[in-house]
Amino acid sequence: MKKKELDTRLIHSHFDRQQHHGSLAHPLYQTSTFVFDNAEQGEARFAGNESGYMYSRLGNPTVTELEKKMADLEEAEEAVAFGSGMAAVSGVLIHLLKSGDHVLVSEGVYGCTYGFLEMVKEKFNIDFDLMQMSSEAAIKERIRPETKVLYVETPINPTMKLVDLKMVIKAAKEEGLRVVVDNTFSSPYLQQPLTLGADFVIHSATKYISGHGDVIAGIAAGPAEDMQTIRMTTQKDIGGVIGPFDAWLLLRGLKTLAVRMDRHCDNARFIFEKLKEEQSVKNIIYPGDKNFAQHHLAKSQMKDFGGLISFEIEGGKKAAQAFMNELSVVQVAVSLGDAESLIQHPSTMTHSVVPEEDRKKMGITDSLVRLSVGLENAEDIWQDIKQALEKAYMKI
Ligand SMILES: *Cc1c(COP(=O)(O)O)cnc(C)c1O
């Protein structure tokens, strides 16, 4: 039978309904441990001679269901769920790297990923270089004999710079490196890096996968052999596991991922068109903009342009903050991908730890705000933005 389309697979489940009284929704196994029939069964399970659950840090049926679904959506052999996006990032990288190794990282990666790399550099002698992965030649120039991994985030926050995945994967394969892609901003609905040849995909499931702002969680997906090792090492022994209820919430959120993403993308398109006409708004950064430097790459690599827009408010930090304070539909908060539109000020929030000079180089000025366009009525979002711009300018 032909494999069903992604939007159908998002909704349908793997679990055997007959074993669960025909339950339509996923059963929630909110339990820390599993009772054995007898001591011998416990022995057999721990020895790996009998399959079955033992203890929820080592596996839980609700979590397994989420992992199967995520593997299916990302076209991966296996997936492992974590208690946060950062637990997934660190779990995969610790699995792939050892002391003396080197990793090449796309410039502008998520702040805590950068923090993690700094920490392992200092404590465990795992070196890294940040670089703009703009061409195969540029990448190859930076590859050293110790380089093991290419770590990519695309698009990147908040500048929306893209990395050409096909190009990066080709360069990496020729050098025998493994490619890890943080796919948080796109979700598997807009971009599936493994189908292009990447080895691992990581998600902060906190964002679009959950979609409802009520969970912190992460996913890693990739080859079965690696995922099984990750499960038995960096997940089991470091312990960044997901709770069953959080896994259940993600399973529920995933059912509407396709319709949510379509709406996020449509609303962002609408808001972009309106922002373009505003005098006080400049430097709008949105991959759907025909004048965006990487518009064609976004078009070929992603199914749609996503729900994030960054833009500058004329008047610097004071104007940006005054504008944010006047919003009422749009909420002032970090994170993204929720039903609610969220706005944040990268230079004083998500990127405040980045030295000012580096921020400037990345284009993160004090005037820049980043909007995660939500699922509200697009005109209501726009009216909120418009009145806030007007009020902010009366005040400053
Ligand atoms: C939020 C985020 C993370 C970290 O995820 P948490 O769930 O907050 O731990 C990693 N990468 C990207 C791109 C993110 O946006």
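All values reported here derive from a predicted model rather than from experimental measurement.

**Things to note about the pairing of strand β12 (residues 368–372)**
With 5 of 5 residues buried, β12 lies mostly within the body of the structure. Across 5 bridges, strand β9 (residues 308–313) lies against β12 in antiparallel orientation. Its bridge partner lying in β12, Phe311 is registered against Val369. Examined bridge by bridge, strand β11 (residues 342–344) and β12 share 3 bridges and lie antiparallel to one another. Within β12, the position partnered with Leu342 by the bridge is Ser372.

**Side note on the domain arrangement of the protein chain**
Parsing the protein chain into structural domains produces domain 1 (6–254) and domain 2 (258–395). Each partner contributes residues to the interface: domain 1 has 31 residues there, and domain 2 has 32 residues. Taking both sides of the interface into account, the surface hidden between domain 1 and domain 2 amounts to around 2,700 Å²; carbon and sulfur atoms contribute 62%. Across the contact surface, domain 1 and domain 2 share 0 salt bridges. Put simply, domain 1 and domain 2 have 13 residue pairs in polar contact (both at pLDDT 80 or more) between them. Of all the secondary-structure elements, those providing two or more residues to the side of domain 1 that touches domain 2 are α7 (165–174), α8 (187–190) and α10 (244–254). Ranked by residues supplied to the side of domain 1 that touches domain 2, first place goes to α8 with 3 residues. Class assignment for the residues of the side of domain 1 that touches domain 2 results in 13 nonpolar, 13 polar and 5 charged.

**A few points about the UniProt feature "modified residue: N6-(pyridoxal phosphate)lysine" (unreviewed entry) in the protein chain**
UniProt records the feature "modified residue: N6-(pyridoxal phosphate)lysine" (unreviewed entry) for Lys207 in the present numbering. Not counting chain neighbours up to four residues away, the residues in contact with Lys207 comprise Thr184, Ser335, Leu336 and Gly337.

**Some points on the nonpolar core**
Counting residues in hydrophobic clusters, the biggest one holds 92 residues, and the most contacted among them are Leu66, Ile139, Ile309, Phe311, Phe323 and Ile385. Considering each element in turn, this core owes the most residues, 8 residues, to helix α11 (residues 257–276). When residues of this core are sorted by domain, at least three fall in each of domain 1 (6–254) and domain 2 (258–395). For Leu66, the contacting residues outside a window of four places in its chain are Ala81, Ile219, Ile242, Ala247, Leu250, Leu251 and Leu254. Counting residues in hydrophobic clusters, the runner-up holds 25 residues, among them Leu93, Leu96, Ile126 and Phe200.

**Some thoughts on the sheet that holds strand β6 (residues 200–204)**
Across the sheet, which stays open at both edges, the 7 strands sit in the order β1-β7-β6-β5-β4-β2-β3 with mixed pairing between neighbours. Each of the sheet's edge strands pairs with one partner strand only, and the pair in question is β1 (78–82) and β3 (127–131). The sheet shows a mean angle of 20° between the axes of neighbouring strands, taken without regard to direction. Pairing of strand β5 (residues 178–182) with β6, which is carried by 3 bridges, proceeds in the parallel orientation. The partner of Asp182 across the bridge, within β6, is Ile202. Across the sheet, helix α5 (residues 111–124) touches β2 (102–106), β3 and β4 (147–153), and the angle it forms with β3 is around 145°.

**Focus on the sheet that holds strand β10 (residues 331–332)**
Spatially, 5 strands are ordered β8-β9-β12-β11-β10 in an open sheet, and the strand pairing comes out mixed. Each having just a single partner strand, β8 (281–285) and β10 make up the two edges of the open sheet. α11 rests against β8, β9 and β12 of the sheet, and its axis sits at about 20° to β9.

**Some details on the packing of aromatic side chains**
Within the structure shown, the criterion is met by 7 aromatic pairs. Aromatic side chains Phe36 and Phe46 sit 6.4 Å apart centroid to centroid with 80° between the ring planes, which places their arrangement in the edge-to-face category. With Phe36 in the loop between α1 (6–9) and α2 (39–47) and Phe46 in helix α2, this residue pair connects regions lying 10 residues apart in the sequence. Exposure remark for Phe36: the relative accessible area of 27% places this residue in the partly exposed category. The exposure class of Phe46 is exposed, given its relative accessible area of 57%. Members of the aromatic cluster, each reached through a chain of ring pairs, are Phe272, Tyr286 and Phe305. The lysine or arginine in question, Lys121, covers the ring of Phe128, its NZ or CZ lying 5.6 Å from the ring centre.

**Describing the site of the ligand**
Close contacts around the ligand come from Ser84, Gly85, Met86, Tyr110, Glu153, Asp182, Thr184, Phe185, Ser204, Thr206, Lys207 and Ala217, and that covers them all. Take Lys207: an N or O atom from its side chain is 2.8 Å from an oxygen atom of the ligand.

**A few points about helix α15 (residues 378–395)**
Taking 1.5 Å of rise per residue, the 18 residues of α15 would be expected to cover 26 Å, and the 26 Å separating its terminal C-alpha atoms lies within 8% of that figure. Turning to α15, its buried residues number three or more, namely Ala378, Ile381, Trp382, Asp384, Ile385, Ala388, Leu389 and Ala392. Seen from one end, α15 has its buried residues packed into an arc of 160°, which puts them on one side. Taken together, the buried residues of α15 touch α11, β8, β9, α13 (316–325) and β12.

**What to know about the packing of α11 against α15**
Two numbers describe how α11 lies on α15: the axes approach to 9 Å, and their chain directions differ by 35°. Of the two possible hands of crossing, α11 and α15 adopt the one that is right-handed. Between α11 and α15, the residues in contact are Asn267, Phe270, Ile271, Lys274 and Leu275 and Ala378, Glu379, Ile381, Trp382 and Ile385, respectively. In the contact of α11 with α15, the residues fall into 7 nonpolar, 1 polar and 2 charged.

Here is what the cut-offs are and how they apply
Residues numbered from 1 in each chain as written. Predicted model: local features only at pLDDT ≥ 70, side-chain atom pairs only at ≥ 80, totals over all residues. Heavy atoms only, no water. Buried < 20%, exposed > 50% of the residue type's maximum accessible area, 1.4 Å probe, protein only. Helix = DSSP H or I, 4+ residues; strand = E, 2+ residues; numbered from the N terminus. Pairing = 2+ DSSP bridges. Domains from an automatic or database assignment. Contact = heavy atoms within 4.5 Å. Buried area = accessible area lost by both parts, 1.4 Å probe. Salt bridge = Lys/Arg side-chain N within 4 Å of Asp/Glu carboxyl O. Polar contact = N/O pair within 3.5 Å; in protein donor to acceptor, adjacent residues only side chain to side chain. Nonpolar A, V, L, I, M, F, W, Y, C, P; charged D, E, K, R; others polar. UniProt positions renumbered as here; feature names shortened; annotations may be inferred. Core = buried A, V, L, I, M, F, W, Y, C linked by side-chain atoms within 4.5 Å. Axes fitted to C-alpha atoms, helices over the stretch in contact; angles between N-to-C directions. Phe/Tyr/Trp six-rings, centres within 6.5 Å; stacked < 30°, edge-to-face > 60°. Lys NZ or Arg CZ within 6 Å of the ring centre and 35° of its normal. Near = heavy atom within 4 Å. Expected span 1.5 Å × (residues − 1). Arc of directions from axis to C-beta. Left-handed = near helix turned anticlockwise from the far one by under 90°.

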